[in-house]
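Each chain, letter by letter, is given below.
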Amino acid sequence: MSAPFEELADLDRLVHDPSRLAILTALSACKSADFLYLQRLTGLSKGNLSSHLAKLESAGLVMIEKEFIGKIPNTRVSVNKIGRTAVERHWKRLDQLRQASLEWRPEPT
Amino acid sequence: MPASDLRRVHAVTDNFFFWQGLRWIPIGVALIVFSIAMMPAVPLSKAVRPWIGVPFLAIAFWLSTRVLGRYYARHFGRVRMDLSRHKTRTSVKWFVVYPAIAAAFIVDARWHPPVLVSALVFGAAIEAYRESTGGGRLHYVVAAVGFVAFSLLPALGVLFTGKGALGAVIGLTGVVYAIGGLLDHREMVRILGANDVSDVSAV
């Protein structure tokens, strides 16, 4: 049996990246959130956040819509069913790995 | 960001409206004004006394929804809640908590029990509120314990029962709204990060 630490390498890197995981975790708790909220949450610059969102959108995990609220442009992001499943599966996997790491004992040499 | 923080992020996003604590401060102040107006020592006619808080409540709702709503949207962004996630909370609120509060007020006003039932119900309601809106925020546990302690004051001979005591319960609720709201806001800022990125011109 491989040690749980080795299985960390099998995690989906698209979801496991800290910023993208924070974005997907937040989006999985609501219908949608706007760019400002996600920027506040992650502390990323506009360019970096846009880049992360573009990756998630091209992977088919989130949907991005642009609209105007009054005269101010607003970018709204929502997670779709595939993205929601991906983040839920990822959290489950992390919990399993955490549990496995607590129970893991090194084999005697 | 540690997993525990991500869980808090999930809880705050899920209940974003309720964590916008500054919204509750004007309502708390209006309740305190209402409570003061209910005091027998305040020289007001019987006809005016119950209505004196109404304009303050109207102003508080305007500040809470319009002014502070705009402030939060501008500085923290917008989140659309997924209402389907909160069906149980909504049902319990309308069919259990609010009727229980109304019934407790009637019991305290009519039968003057030695323990303030309304304060007990408010204590339980605050704990239910805390739990159903993302947990954490230990100040609400303190507030709930405070309400339970307050409910015992008539039995200890410190507070008279009746309408005067109900006014005091409303005043205490106002204090909890105001202080709890301020602490909620601080907690939300801590979780969402203290960096103000409110330049929304090109997003």
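> Hey, could you go over the packing of helix H1 (residues 3–14) of chain B against helix H8 (residues 163–192) of chain B for me, with residue numbers and the actual values?
All names here are of chain B. Contact geometry for H1 and H8: axes closest at 10 Å, N-to-C directions at 125°. Taken together, the axes of H1 and H8 are oblique relative to one another. H8 is crossed by H1, and the crossing has left-handed handedness. Two secondary-structure elements touch here, H1 through Arg8, Val9 and Val12 and H8 through Met188, Ile191 and Leu192. Classifying every residue of the contact of H1 with H8 gives five nonpolar, no polar and one charged.

> Describe in detail the pattern of salt bridges, supporting the description with residues and values.
Residues and elements named next belong to chain B. The full count for this structure, using the stated rule, is eight salt bridges over all chains. In this structure, the salt-bridge partner of aspartate 184 is arginine 137, at a minimum N-O distance of 3.8 Å. A residue pair is termed long-range when its members are at least 10 positions apart, and aspartate 184 in helix H8 and arginine 137 in the loop between helix H6 (117–132) and helix H7 (139–151) qualify at 47 residues. Arginine 137 matches aspartate 184 in its accessibility class, with the two residues each being buried. Residues glutamate 187 and arginine 190 are paired through a salt bridge, measuring 3.5 Å at the closest nitrogen-oxygen approach. Of this pair, glutamate 187 and arginine 190 both sit in helix H8, three residues apart, which is roughly one turn of that helix. By relative accessible area, arginine 190 is classed as exposed at 52%.

> For the environment of Leu94(A), give the residues involved together with the corresponding values.
Residues and elements named next belong to chain A. Looking at where leucine 94 falls in the secondary structure, it is placed in helix H6 (residues 81–103). Taking the C-alpha atoms as reference, leucine 94 lies 27 Å from phenylalanine 35; in sequence the two are 59 residues apart. The residues contacting leucine 94, other than those within four sequence positions of it, are Leu11, His16 and Leu21.

> How would you explain a nonpolar patch on the surface if you had to name every residue and give the values?
All names here are of chain B. Taken together, the side chains of Val92, Trp94, Phe95, Val96 and Tyr98 define a hydrophobic patch exposed on the protein surface, amounting to about 560 Å² of accessible area. Structurally, the position occupied by valine 96 is in helix H5 (residues 87–111). For valine 96, a relative accessible area of 48% corresponds to the partly exposed category.

> I'd like a description of the pairing of strand E2 (residues 62–69) of chain A, backed by residues and values.
Two faces make up the sheet, and in a regular strand the side chains alternate between them. Residue and element names in this part refer to chain A. Inspection of the sheet shows E2 paired to strand E3 (residues 72–79) by eight bridges, in the antiparallel sense. Bridge pairing in E3 links valine 62 to valine 79. What sits between E2 and E3 in their antiparallel hairpin is a turn of two residues, with glycine 70 showing a positive phi close to 70°.

Rules used throughout
Residues numbered from 1 in each chain as written. Chains lettered and ligands numbered in written order. Predicted model: local features only at pLDDT ≥ 70, side-chain atom pairs only at ≥ 80, totals over all residues. Heavy atoms only, no water. Axes fitted to C-alpha atoms, helices over the stretch in contact; angles between N-to-C directions. Helix = DSSP H or I, 4+ residues; strand = E, 2+ residues; numbered from the N terminus. Parallel < 35°, antiparallel > 145°, perpendicular 65-115°, else oblique. Left-handed = near helix turned anticlockwise from the far one by under 90°. Contact = heavy atoms within 4.5 Å. Nonpolar A, V, L, I, M, F, W, Y, C, P; charged D, E, K, R; others polar. Salt bridge = Lys/Arg side-chain N within 4 Å of Asp/Glu carboxyl O. Buried < 20%, exposed > 50% of the residue type's maximum accessible area, 1.4 Å probe, protein only. Patch = residues over 30% accessible without salt bridge, like charges linked within 9 Å, V, L, I, M, F, W, Y side chains within 5 Å. Areas by Shrake-Rupley, 256 points an atom, 1.4 Å probe, with all protein chains shown as cover. Pairing = 2+ DSSP bridges.

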